[in-house]
Amino acid sequence: VGDQLLAPEWTSYRKRIQYQTCDVTDRLRSGENVLAASLGEGWYAGRLMAVGRNAYGSFPQFLLQLEIELADGRKQYVVTDDSWRGTSDGPIRSSGIYDGEVYDARKEQAGWDAPGFSDSQWSAVKAFDLGPVQLVWQRNEPILVVRELKPVALTEPKPGVYVFDLGQNMVGWCRIQARGLAGQAITIRHAEMVNDDGTLYTANLRGAPQIDRYIPRADGEVTFEPSFTYHGFRYVELTGLAQPPEKSAVLGRVFHSTSPDTGGFECSDPSLNQLMRNIVWTQRGNLMSSPNDCPQRDERFGWMGDIQAFSQTAIFNMDMAAFLTKFAQDIRDDQAGDGRYPDFAPHPGNPNVNFSGVPA
């Protein structure tokens, strides 16, 4: 429900978890209704720079409360508890912020989120107590797709290797529409630059592969976009296709925290105008729940020094009030015991031990 991405977004999960609300009235139908969810590792259980995997927990967790208001004013509730059932054997085989997503369409379970599906082969879930963690409403704007980019060029630097140029360094992911073969992975690689021979330049990504893979269940046309990752890139490489693609086979889906645009700059010098466009695109690409330092390599943390230098420009360009109010709470949540501020927030490690005390 809704169009928000990467919810509940990144906070200091040991202290504070954001919740989102959606009006699902128009989704209801007479008879049986079903609640179902697909979970990713995200920042909670996935791999993070400097701390590795499972910084906050070893597997995804889910909390839901459906509130039903009847005509007579009474309320009913449906909540997640140990009567729910779950499976780890779905089509998303792996998914991480840095690593990308692997989707095997052969593992799809038709109708898994619709009435009439039998979950008898699924296992019981485990219920946990939240403990001291606070549930808070989300005060910052959601992460949404804000625009789409079409390729401006398509090349084939090596046989069977197709490189699409989106004409703009962007942050998000791609929707692909191409022809595949059953069981043969279509590999989607992302990069900000190309080498002199037209192949992808990926050295600056360090330990972030930024690779998505889609495995078709049958020969023919496929459409795919991932769910639980994001990439920083201008160039997209496709391999494993059944036939050469059209330029329209790739569509860049740009998304970020949607702080509203408020300021602009334009002058008679085209170079300065282009510089300003670069600045705004950089800001968009690094607003991903926290003000990140970069959107592509194995870092993507809310480094305090970066936003300290950039905050006034950020406020000129966009209404950052809600975003920075949320981030200020992240900073306070991850102060060291002696009052030192963390080097980045949220801080998935231990600010009493390392990566703290440097800002300002």
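Whatever comes next refers back to the structure up there.
Predicted model only: the values in this text are computed from it and were never measured. (Residues numbered from 1 in each chain as written. Predicted model: local features only at pLDDT ≥ 70, side-chain atom pairs only at ≥ 80, totals over all residues. Heavy atoms only, no water.)

Colleague: Describe the pairing of strand β6 (residues 100-104), naming the residues involved and giving the relevant values.
Modeller: In regular strands, side chains alternate between the two faces of the sheet. The buried count for β6 comes to 4 of 5 residues, which makes it a mostly enclosed element. Once strand β5 (residues 92-96) ends, the chain turns through 3 residues before running back antiparallel as β6. Looking at chain direction, β6 and strand β15 (residues 211-215) are connected through 3 bridges and run parallel. Each bridged residue has a counterpart across the sheet, and for tyrosine 103 the counterpart in β15 is tyrosine 214. (Buried < 20%, exposed > 50% of the residue type's maximum accessible area, 1.4 Å probe, protein only. Helix = DSSP H or I, 4+ residues; strand = E, 2+ residues; numbered from the N terminus. Pairing = 2+ DSSP bridges.)

Colleague: Which residues make up unusual backbone geometry, and what values do they have?
Modeller: For the peptide bond that leads from alanine 7 to proline 8, omega is 10°, which places it in the cis range. Take proline 8: it is sitting in the segment before β1 (16-19). Residue proline 346 follows alanine 345 across a cis peptide bond; omega there is -5°. By the element assignment, proline 346 lies in the segment after α4 (321-333). At arginine 300, a residue that is not glycine, the phi angle is positive and equals roughly 60°. Of note, the phi angle at phenylalanine 355 is positive, near 55°, even though the residue is not glycine. Among the secondary structure elements, phenylalanine 355 is positioned in the segment after α4. By relative accessible area, phenylalanine 355 is classed as partly exposed at 32%.

Colleague: Please give an account of the packing of helix α3 (residues 304-317) against α4 that cites residues and values.
Modeller: Between α3 and α4, the shortest axis-to-axis distance is 13 Å and the interhelical angle comes to 160°. If you check the angle between α3 and α4, you find them roughly antiparallel. Note on packing geometry: the crossing formed by α3 with α4 is left-handed. Between α3 and α4, the contacting residues are Met304, Ile307 and Ile315 on the first element and Leu324, Phe327 and Ile331 on the second. (Axes fitted to C-alpha atoms, helices over the stretch in contact; angles between N-to-C directions. Parallel < 35°, antiparallel > 145°, perpendicular 65-115°, else oblique. Left-handed = near helix turned anticlockwise from the far one by under 90°. Contact = heavy atoms within 4.5 Å.)

Colleague: With reference to specific residues and values, describe the packing of helix α2 (residues 270-286) against α3.
Modeller: Where α2 meets α3, the closest approach of the two axes is 11 Å, and the angle between their N-to-C directions is 95°. It follows from the interaxial angle that α2 and α3 lie roughly perpendicular. Where α2 approaches α3, its residues Met276, Ile279, Val280 and Gln283 are matched on the opposing element by Phe310, Thr313, Ala314, Phe316 and Asn317.

Colleague: A description of the environment of histidine 190 should follow, citing residues and the corresponding values.
Modeller: Tracing the sequence through the fold places histidine 190 in strand β12 (residues 186-191). It is 9.8 Å that separates the C-alpha atoms of histidine 190 and glycine 100, two residues lying 90 residues apart in sequence. Sequence-distant contacts of histidine 190, defined by excluding residues within four places in its chain, comprise Cys174, Leu200, Thr202, Leu205, Gln210, Asp212, His231, Phe233, Tyr235 and Val236.

Colleague: Got a sec to walk through the packing of aromatic side chains? Specific residues and values, please.
Modeller: A full pass over the atoms with the stated rule returns 16 aromatic pairs. Measuring from ring centre to ring centre gives 5.9 Å for phenylalanine 59 and phenylalanine 128, while their planes differ by 45°; the resulting arrangement is tilted. You can see phenylalanine 59 sitting in the loop between α1 (42-45) and β2 (65-69) and its partner phenylalanine 128 sitting in the loop between β7 (123-124) and β8 (134-137), a full 69 residues away along the chain. By relative accessible area, which is 37% here, phenylalanine 59 ends up partly exposed. Ring geometry for phenylalanine 344 versus phenylalanine 355: centroids 5.2 Å apart, planes at 40°, classification tilted. (Phe/Tyr/Trp six-rings, centres within 6.5 Å; stacked < 30°, edge-to-face > 60°.)

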